[in-house]
Amino acid sequence: MGIEGIESQVVYPRRSARRINRTSLVVTLCAILGLLGSLMLTMTENLSSIKLNNASITTDTTGTSGQTTLTSAAASALPKSSLVNAQSPIVPFPTLLWQQIAVLQAHNRFLYTGNRYLPEIALTFDDGPNPYYTPQVLAILKQFGIKATFFCVGRQVARYPDLVKQEYADGNLVGNHSWSHPNLALLSGSEIVSQINLTSDAIQQAIGVRPTFFRPPYGVINARVLAEANLLSLTTIIWNDEALDWTTPGTDVIVSRILNLAADGAIILLHDGGGDRSQTIAALPTIITSLQARGFQFVTLQQMLKDMPDLPASTQTPVSEPTTVSPTP
Ligand code: ZN
């Protein structure tokens, strides 16, 4: 319900000054609650990434739960034909979220970081293309001779296909960030597919290549979102370094947050669309020069994926069948 709706319900015939005061107080409180509500909604992007990090840790430690677990090693029990093919769905695919994350991670199909032993960093820009900010980001990337990844919103791609063409022509990677930036976890399977496919269609129409990288809006996932992303053979990308630049905390704050979190294999989240991004643009040259001075190399997510450590040998060989004890004759 919008604030207007709340007002229309709480504004009664005004019988006295006292009544008016009370009504104004209620309206003001409702307005404050409404604002807090929308702020919480906007903050989901941050909170969800924390959840995801926890989820991925959980997948490593669930072996003691007594349930049947599907760890990275157990994922190797899958038919070999389904392994290490970024262009086809993983089959069979589990139904529980933590199992899905484990299987996807075992195939490098779900990343919130790159190779933690290589001085590589991926800059990612979400929510564009934007006619004002995207050209500025592209100019800065060009000036420093580096490449980045753009997670584009489909309806923006349809509006500004030339900007996406430019991103791609400059050697950057273009990824899928849904059609209209909804919380995909609240949608049905067919709605999720439609959000992703419409966007991939628009990107393919703009640059001639269908994206294989996908970032869910707000970083929010559930089992349905991952199941559909798997069926569409996408690699899902989260992040592990962000400045909350969308809250416009000031250029210096954006710079220091990013630099403090930067490490080998960092995936940095920034925005080139969806609001006032002037602070992000202003922060970008310092972020780039400081990280280059620390010896980091900027790569696209495609490169980062190529440079991921080889899957452990245990995940390459099918696990042998459990030994069955033959009955004594
Ligand atoms: Zn976004």
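Above this note sits the structure.
About the criteria used
- Residues numbered from 1 in each chain as written.
- Predicted model: local features only at pLDDT ≥ 70, side-chain atom pairs only at ≥ 80, totals over all residues.
- Heavy atoms only, no water.
- Helix = DSSP H or I, 4+ residues; strand = E, 2+ residues; numbered from the N terminus.
- Contact = heavy atoms within 4.5 Å.
- Expected span 1.5 Å × (residues − 1).
- Bend = angle between axes of the 7 residues up to and from the residue.
- Buried < 20%, exposed > 50% of the residue type's maximum accessible area, 1.4 Å probe, protein only.
- Core = buried A, V, L, I, M, F, W, Y, C linked by side-chain atoms within 4.5 Å.
- Arc of directions from axis to C-beta.
- Pairing = 2+ DSSP bridges.

Attention shifts here to the environment of Ile268. Here Ile268 lies in strand S8 (residues 266–271). Considered as a pair, Ile268 and Thr124 are 144 residues apart in the sequence and their alpha carbons are 5.8 Å apart. Those residues within four positions of Ile268 in sequence are excluded, and the remaining contacts are Ile121, Ala122, Leu123, Thr124, Asp241, Ile258 and Leu291.

Another aspect to go through is helix H10 (residues 278–293). With 16 residues, H10 extends 24 Å from end C-alpha to end C-alpha; this agrees with the ideal 22 Å at 1.5 Å per step. Residue Leu284 marks the point of greatest curvature in H10, where the axis turns by about 35°; the proline Pro285 follows within four residues. For H10, the complete set of buried residues consists of Thr280, Ile281, Ala283, Leu284, Ile287, Ile288 and Leu291. Looking at the buried residues of H10, the elements they touch are strand S2 (120–128), helix H4 (134–143), helix H9 (251–261), S8 and strand S9 (297–298). Just downstream of H10 lies Gly295, where phi reads positive at about 95°.

Among the nonpolar cores identified, the biggest contains 36 residues, and Ile121, Leu123, Phe125, Leu141, Leu270, Leu284 and Leu291 are the most heavily contacted of them. For this core, the elements supplying multiple residues, two or more each, are S2, H4, strand S3 (149–152), helix H7 (189–207), H9, S8 and H10. With six residues, the top contributor of residues to this core is H10. Those residues in contact with Leu123, other than ones at most four positions away along the chain, are Leu141, Ile146, Ala148, Thr149, Ile268, Leu270, Leu284, Ile288, Phe298 and Val299. Counting residues in hydrophobic clusters, the runner-up holds 32 residues, among them Leu184, Ile196, Leu234 and Leu301.

Let us now look at helix H6 (residues 161–169). Listed in full, the buried residues belonging to H6 are Leu163, Val164 and Glu167. Along H6, the residues classed as buried sweep out an arc of 100° about the axis, all on the same side. Counted as exposed and oriented over 90 degrees from the buried face of H6: Asp162 and Ala169. Each element contacted by the buried residues of H6 is listed here: H4, S3, helix H5 (154–159), strand S4 (173–176) and H7. Two residues or fewer after H6 comes Gly171, characterised by a positive phi angle close to 95°.

In this model, Val91 is joined to Pro92 through a cis peptide bond whose omega is -5°. Secondary-structure assignment places Pro92 in the loop between helix H2 (17–61) and helix H3 (97–106). Pro129 follows Gly128 through a cis peptide bond whose omega is 0°. Checked against the element boundaries, Pro129 lands in the loop between S2 and H4. At Ser178, a residue that is not glycine, the phi angle is positive and equals roughly 75°. Position of Ser178 relative to the elements: it lies in the loop between S4 and H7. For Ser178, a relative accessible area of 0% corresponds to the buried category. Non-glycine residue Thr248 carries a positive phi angle of around 40°.

Before going further, it helps to spend a moment on the pairing of S8. With six of its six residues buried, S8 lies for the most part within the structure. The side-chain alternation of S8 yields two buried faces, one formed by Ala266, Ile268 and Leu270 and the other by Ile267, Leu269 and His271. Inspection of the sheet shows S2 paired to S8 by six bridges, in the parallel sense. By the bridge assignment for S8, Asp126 is matched with His271.

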